[in-house]
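An overview of the molecular structure
Letter by letter, the chains look like this.
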Amino acid sequence: MTASASSPRLADAKSALDRGDPATAATIARAVAKASGHPAGIAQALHFAGLMELEDANGASAFRLIRKALLIAPERANAYASLAQIAGTADNPVRRARIALWSNPRSDVAWSAYSIASAEASRIARAERRFDAAIAHSRRAVLLRPGYAEALQGFILDRRWLCCMDDPDCRFDRIVRLVARIRDVPGHPLTLLAPHVSPDDQRRAAERIVRSLPTPATRPKISTTPGAKIRIGYVCSFLKDHALAEALPELLEKHDRERFEIRVYATPNANGRAAWNESIHASAGEVVDLGRLSPEAQAERIRNDGIDILADLDGFLADRPLGLLSLGPAPILVNYFGFPGTCGGLHDYIVGDERLIRQSDAVNYSERVVRLPHCYMPFDCTRPVPAPPTRESVGLPEDALVFLGFHSQNKIAADAFAAWMGCLREVPGSVLWMLDHGELCRSNIQIAAQAAGVAPERIVFASKVPVRNHVARLALADVYLDNTWFNAHTTGADALWRGVPVVTVAGETFAARVGASLLTAVGLPDLIARTPEEQADIAIALARSPKRLSALRRHLERARNAAPLFDMRNYTAALERAYLEMVFLARENLPPADITISP
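Residues numbered from 1 in each chain as written. Predicted model: local features only at pLDDT ≥ 70, side-chain atom pairs only at ≥ 80, totals over all residues. Heavy atoms only, no water.

Observations concerning the overall build of the protein chain
Helix and strand counts for the protein chain stand at 23 helices and 14 strands. Over its C-alpha atoms the protein chain spans a radius of gyration of 26 Å, differing by no more than 12% from the 25 Å that the globule rule assigns to 599 residues. Here the protein chain holds 599 residues, and 55% of them are scored as buried. Nonlocal contacts in the protein chain, meaning residues at least 24 apart in sequence, comprise 67% of its contacts between residues at least 6 apart. In the form shown here, the protein chain has an accessible surface area of approximately 25900 Å², with 52% of it arising from carbon and sulfur atoms. Across the protein chain, the centroid of the 71 positively charged side chains sits 4 Å from that of the 67 negatively charged ones. (Helix = DSSP H or I, 4+ residues; strand = E, 2+ residues; numbered from the N terminus. Rg over C-alpha atoms; globule rule 2.2 N^0.38 Å. Buried < 20%, exposed > 50% of the residue type's maximum accessible area, 1.4 Å probe, protein only. Contact = heavy atoms within 4.5 Å. Areas by Shrake-Rupley, 256 points an atom, 1.4 Å probe, with all protein chains shown as cover. Lys, Arg positive; Asp, Glu negative; His and termini not counted. Charge placed at Lys NZ, Arg CZ, Asp CG, Glu CD.)

What follows is the structure, given as structure tokens:
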């Protein structure tokens with residue numbers, strides 16, 4: 001059967017997609033499949049129709065169409081990945097790819113399909129936190145296609161989640177970066193918060209994500225009513241039992257209610273529900289539950305509330321990142337506190353400080369930069385914290401020098417770990433206190449310690465406890481050893497608040513400069529290192545000088561009442577001055593501009 005001039009064409013289906021009509025595109029593609037007389041053409045059209053059904057949120061129909069395409073043409077490599085995205089583990093993509101390979105073992109396309117399916121299986125396992133299965137799949141994908149940048153990125157991510165510390169020179173990260181540049185694979189900003197990735201790489205990745213979103217909706221105009229209160233909204237998915245939630249209450253309470261109206265919007269967390277701590281509700285006065293609303297309805301609610309400035313604490317951390325922001329919910333959008341980096345341009349502003357985002361760094365941010373006078377991070381000094389436990393009760397030696405390294409397992413850098421091992425080698429009897437991330441992570445960390453010449457029993461693992469008990473136990477440590485490419489954020493501030501000096505390494509990206517911001521705001525800039533080796537030197541010198549450590553503890557005890565890091569009254573006043581400047585520019589019909597708030 002040959003197509004006539006009036007026969008449907010796949011190009012027509014693609015044109016419908018370009019017009020934003022995936023349903024029509026799917027209908028046309030089905031018609032193309034029926035009209036085609038060639039198996040490859042039928043399979044191509046069915047695959048495209050399935051993708052259009054998926055675009056239109058018809059998962060079951062998409063699955064049937066793509067599986068039918070594979071039955072007709074099992075060599076279609078990309079269809080395995082598409083099927084895996086829809087079916088998850090229920091329809092094993094690796095098994096299907098093996099079947100295709102057995103039927104044609106000399107086919108390069110079949111081997112490619114096997115690699116693609118393995119990479120997709122790794123992604124699914126990673127999302128389910130089955131990291132041992134994830135790394136097995138991603139390793140297979142890389143072995144099958146060594147230049148497969150997506151698989152390499154997944155392999156590095158899986159290694160981080162399992163605390164594999166056998167790559168202190170970050171060779172794998174550099175390989176990923178090189179291949180990604182050659183292939184121009186669009187990485188996600190979260191995966192690009194990594195060693196050997198530049199601020200420019202992160203900005204370009206964020207901007208790619210933003211370009212893939214629907215065209216941003218027109219935003220409402222700023223209110224121009226003379227003397228009216230400015231309405232500030234804080235939107236966040238992490239308002240319950242999370243470090244972000246612990247940091248916010250005093251800021252919300254300190255806002256000047258004579259000049260500002262404050263509202264908190266709770267969006268769904270990873271469990272699909274919106275929840276918040278009672279302290280958030282008590283300090284904000286009003287929390288709006290957006291958990292059961294679609295993004296469109298969320299944006300409409302915020303617009304109807306007349307919010308002038310919406311401060312987004314999620315960024316790319318949210319389950320559906322930036323979707324709400326693309327719907328134009330408020331006249332002014334601010335990237336605030338939650339995501340440590342640029343979000344690609346949907347926000348007008350990003351809040352930082354001079355140490356965190358230097359003047360020369362502004363080119364790496366798609367937003368205009370607000371520089372607060374001391375530290376960008378809010379902190380709640382009013383929250384109750386229980387008395388610390390005893391060292392014995394948490395497995396720490398009573399008289400040992402305790403180095404603290406409470407970091408998420410996917411953020412621990414091998415070069416930082418090597419420096420920490422150097423500290424243990426040079427300070428006899430000392431221990432490193434780390435978070436317990438499960439048996440595989442414990443085992444890998446102990447193996448890495450043994451390889452570095454450190455007895456595995458000198459690593460003490462801390463079990464998970466409620467947030468405030470976690471903050472209380474920080475006081476048992478002597479020196480906090482910061483990570484390199486991703487510094488401690490709220491945990492670093494908590495450690496300083498509990499009297500534990502932090503030794504950080506200042507890098508080039510936002511996430512790698514938070515420690516420097518915290519230490520400057522607490523009056524301890526001499527604890528900022530430039531390299532992991534310098535960090536180890538500073539920490540070892542402190543460990544060998546009990547008098548210096550005692551002096552630092554006394555300094556931090558005084559800082560709780562005097563340092564800018566813990567002065568939320570002045571912090572809030574500075575943030576409000578920045579908000580007022582944003583509103584002034586908007587009311588004058590001027591574009592957003594960099595804002596620097598003086599002390």
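What to know about the nonpolar core
Across soluble globular proteins, nonpolar side chains show a tendency to be buried alongside one another. The biggest cluster of nonpolar side chains holds 151 residues, and the ones touching the most others in it are Tyr234, Tyr336, Phe403, Trp420, Trp433 and Val522. Ranked by residues supplied to this core, first place goes to helix 23 (residues 568-587) with 9 residues. The residues touching Phe403, leaving out its near neighbours within four places in the chain, are Cys423, Leu424, Val427, Ser430, Val431, Leu432, Trp433, Val479, Leu481, Ala539 and Ala543. Judged by nonpolar contacts, the second largest core, of 18 residues, contains Ala26, Ile28, Ala45 and Ala49. (Core = buried A, V, L, I, M, F, W, Y, C linked by side-chain atoms within 4.5 Å.)

Observations concerning the sheet that holds strand 1 (residues 230-236)
Spatially, the 8 strands line up as an open sheet ordered 3-2-1-4-5-6-7-14, and their pairing is parallel. Strands with a single pairing partner mark the edges of an open sheet, and in this sheet they are strand 3 (287-289) and strand 14 (595-596). (Pairing = 2+ DSSP bridges.)

Here we look at the packing of aromatic side chains
Applying the stated criterion to the full structure yields 11 aromatic pairs. Geometrically, the ring pair formed by Tyr336 and Phe337 is tilted, given 6.0 Å between the ring centres and 55° between the ring planes. Neither Tyr336 nor Phe337 differs from the other in exposure class; each is buried. Relative to Phe566, the ring of Phe379 has its centre 5.1 Å away and its plane inclined at 65°; by these criteria the two rings are edge-to-face. One end of the pair, Phe379, is in the loop between strand 7 (368-372) and strand 8 (402-405); the other, Phe566, is in the loop between helix 22 (546-562) and helix 23, and 187 residues separate them in sequence. According to the relative accessible area criterion, Phe379 is buried, its value standing at 3%. For Phe566, a relative accessible area of 6% puts it in the buried group. Each residue in the set Tyr234, Tyr336, Phe337, Tyr376 and Phe510 is aromatic and connected to the rest through ring pairs, giving one cluster. Geometry around Trp485 places Arg160 over its ring, the cationic atom sitting 5.2 Å from the centre. Here the guanidinium or amino end of Arg383 rests over the ring plane of Phe379, the centre of that ring lying 4.8 Å away. (Phe/Tyr/Trp six-rings, centres within 6.5 Å; stacked < 30°, edge-to-face > 60°. Lys NZ or Arg CZ within 6 Å of the ring centre and 35° of its normal.)

With respect to the environment of Leu143
In this structure, Leu143 sits in helix 8 (residues 131-144). Owing to a relative accessible area of 66%, Leu143 belongs among the exposed residues under this scheme. With 28 residues separating them along the chain, Leu143 and Ser115 place their C-alpha atoms 8.3 Å apart.

Quick notes on the sheet that holds strand 13 (residues 528-529)
If you walk across this open sheet you meet the 6 strands as 10-9-8-11-12-13, and the pairing is parallel. Looking at strand neighbours, the two that pair on one side only are strand 10 (459-462) and strand 13, the edges of this open sheet. The pairing of strand 8 with strand 11 (residues 479-481) spans 2 bridges and is parallel. When the sheet's bridge partners are listed, Phe403 is paired in strand 11 with Val479. On top of the sheet, helix 16 (residues 414-426) reaches strand 8, strand 9 (431-435), strand 10 and strand 11; it is set at about 145° to strand 9, its chief contact. Where helix 17 (residues 439-451) meets the sheet, it contacts strand 9 and strand 10, and its direction lies at approximately 160° from that of strand 10. (Axes fitted to C-alpha atoms, helices over the stretch in contact; angles between N-to-C directions.)

Re the side chain of Arg458
Looking at the secondary structure, you find Arg458 in the loop between helix 17 and strand 10. A polar contact is formed between the side chain of Arg458 and the backbone oxygen of Leu424, at a distance of 2.6 Å. Each residue touching Arg458, except ones within four places of it in the same chain, is listed here: Leu424, Val427, Pro428, Gly429, Ser430, Val431 and Leu432. (Polar contact = N/O pair within 3.5 Å; in protein donor to acceptor, adjacent residues only side chain to side chain.)

Observations concerning the pattern of salt bridges
Inspection of every chain in the model, using the stated rule, returns 31 salt bridges. Between Glu120 and Arg123 there is a salt bridge, and its shortest N-O distance comes to 2.6 Å. Separated by 3 residues within a single helix, Glu120 and Arg123 lie in helix 7 (residues 108-127), roughly one turn from each other. With relative accessibility at 8%, the residue Glu120 sits in the buried group. Where Glu534 meets Arg530, a salt bridge forms, and the shortest distance between an N and an O atom there is 3.1 Å. (Salt bridge = Lys/Arg side-chain N within 4 Å of Asp/Glu carboxyl O.)

Bear in mind that shape data such as this cannot, by itself, settle questions of function.
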